[in-house]
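# Structural overview
Given next are the chains, with one letter for each unit.
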Amino acid sequence: MRYIILLGIVFICGYIGYGLSLYYSNRLKFFRNLELLFEKLSLEINFSQNKLISIMQDFTTNNKEVLKVINNYIEVLNSDLKSTNEILFKDIKILNEEEKNILNLFFSSLGKLDVSNQIKQLEGQKEQLKQFYLKAEQEAQKYVPLYMKLGIIIGLAFALIFI
């Protein structure tokens, strides 16, 4: 019975480490999916010239945070509200303020320029997004294994203390 409890402690600490590492994994997935959204926007604006709302609604992804941003942006477009960080990034905790400000600036100007200028702006934003992605990738490579290993090591340390 005692060993089962000790094994449970190791498992729980490992799970906590896994939970902490999810933050960095989710950031990496968010920026990758946002990059795909920007690619779709660029293609649709350049070639099909569909309405912005229909472009956003047609984008499919499994990333919950990107879907939240898209739904919040569609809500802003439908209600003619001014795009703010609080509205656009409601319930999204994986972005820092600088990232929110830059993305909000992009979304607030989306659809307000002519096609050629909008494409140029999208290209510039894709470069900025690539920088965010590379930073998130470096953090994920650094912290995801660290938190997982640290959680297991702390669990083993607790197990050794209780033996």
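Everything that follows concerns the structure shown earlier in this document.
The rules we used
Residues numbered from 1 in each chain as written. Predicted model: local features only at pLDDT ≥ 70, side-chain atom pairs only at ≥ 80, totals over all residues. Heavy atoms only, no water. Helix = DSSP H or I, 4+ residues; strand = E, 2+ residues; numbered from the N terminus. Expected span 1.5 Å × (residues − 1). Bend = angle between axes of the 7 residues up to and from the residue. Buried < 20%, exposed > 50% of the residue type's maximum accessible area, 1.4 Å probe, protein only. Contact = heavy atoms within 4.5 Å. Polar contact = N/O pair within 3.5 Å; in protein donor to acceptor, adjacent residues only side chain to side chain. Phe/Tyr/Trp six-rings, centres within 6.5 Å; stacked < 30°, edge-to-face > 60°. Patch = residues over 30% accessible without salt bridge, like charges linked within 9 Å, V, L, I, M, F, W, Y side chains within 5 Å. Areas by Shrake-Rupley, 256 points an atom, 1.4 Å probe, with all protein chains shown as cover. Salt bridge = Lys/Arg side-chain N within 4 Å of Asp/Glu carboxyl O. 1 Å grid on protein atoms, 1.4 Å probe; cavity = no way out; pocket = protein on both sides within 12 Å on 5 of 7 lines; lining within 4 Å. Points joined across faces, edges and corners; volume = space filled by probe spheres on them. Nonpolar A, V, L, I, M, F, W, Y, C, P; charged D, E, K, R; others polar. Axes fitted to C-alpha atoms, helices over the stretch in contact; angles between N-to-C directions. Parallel < 35°, antiparallel > 145°, perpendicular 65-115°, else oblique. Left-handed = near helix turned anticlockwise from the far one by under 90°.

## Section: helix 1 (residues 2-48)
For the α-helix, the turn length of 3.6 residues means that residues three or four positions removed from each other point alike. Here helix 1 contains 47 residues, and its C-alpha end-to-end distance of 66 Å stays within 8% of the 69 Å for a straight helix at 1.5 Å per residue. The largest bend in helix 1 amounts to roughly 30 degrees and is located at leucine 22.

## A look at helix 5 (residues 97-109)
Helix length check: helix 5, at 13 residues, gives a terminal C-alpha distance of 18 Å against a target of 18 Å (1.5 Å per residue), a fit within 8%. Residues of helix 5 that are buried: Glu99, Lys100, Leu103, Asn104, Phe106, Phe107 and Ser109. If you follow the buried residues of helix 5, they end up packed against helix 1, helix 2 (52-58), helix 3 (64-79), helix 4 (85-88) and helix 6 (115-162). Measuring from the side-chain oxygen of the N-cap residue of helix 5 to the backbone nitrogen of glutamate 98 gives 3.2 Å; that N-cap residue is asparagine 96. Two residues or fewer past helix 5, glycine 111 is found with a positive phi of approximately 85 degrees.

## Topic: unusual backbone geometry
Positive phi values are uncommon outside glycine, yet aspartate 91 reaches one of about 70 degrees. Locating aspartate 91 in the fold gives a position in the loop between helix 4 and helix 5. For aspartate 91, a relative accessible area of 54% corresponds to the exposed category.

## Things to note about the packing of aromatic side chains
In this structure the tally under the stated criterion is 12 aromatic pairs. Between phenylalanine 38 and phenylalanine 107, the ring centres sit 6.5 Å apart and the planes meet at 80 degrees, which makes this aromatic pair edge-to-face. You can see phenylalanine 38 sitting in helix 1 and its partner phenylalanine 107 sitting in helix 5, a full 69 residues away along the chain. For phenylalanine 107, a relative accessible area of 2% translates into the label buried. Within the aromatic cluster, the residues linked to one another by ring pairs are Tyr23, Tyr24, Tyr143 and Tyr147.

## As for a nonpolar patch on the surface
A grouping of Phe11, Ile12, Tyr15, Ile16, Tyr18, Leu20 and Met148 is seen on the molecular surface, where their side chains present a nonpolar patch of about 750 Å² in accessible area. Relative to the helices and strands, tyrosine 15 is located in helix 1. By relative accessible area, tyrosine 15 is classed as exposed at 55%.

## Quick word on the layout of surface pockets
A probe as big as a water molecule, rolled over the atoms, marks out the empty space that is left. There is about 160 Å³ of room inside the largest pocket. Every residue along the wall of the largest pocket is listed here: Ile45, Asn50, Lys51, Leu52, Ile55, Gly111, Leu113, Asp114, Val115 and Gln118. Every element with two or more residues in the lining of the largest pocket is listed here: helix 2 and helix 6. Residues that form the lining of the largest pocket fall into these classes: 5 nonpolar, 3 polar and 2 charged.

## Let's talk about the packing of helix 5 against helix 6
At a closest axis distance of 11 Å, the pairing of helix 5 and helix 6 adopts a crossing angle of 165 degrees. By the angle between their directions, the pair helix 5 and helix 6 is classed as roughly antiparallel. The element helix 5 and its partner helix 6 pack so that their crossing is left-handed. Here Glu99, Ile102, Leu103, Phe106 and Ser109 of helix 5 lie close against helix 6, whose contacting residues are Gln118, Gln121, Leu122, Gln125, Gln128, Leu129 and Phe132. Across the contact of helix 5 with helix 6, the residue classes break down as 6 nonpolar, 5 polar and 1 charged.

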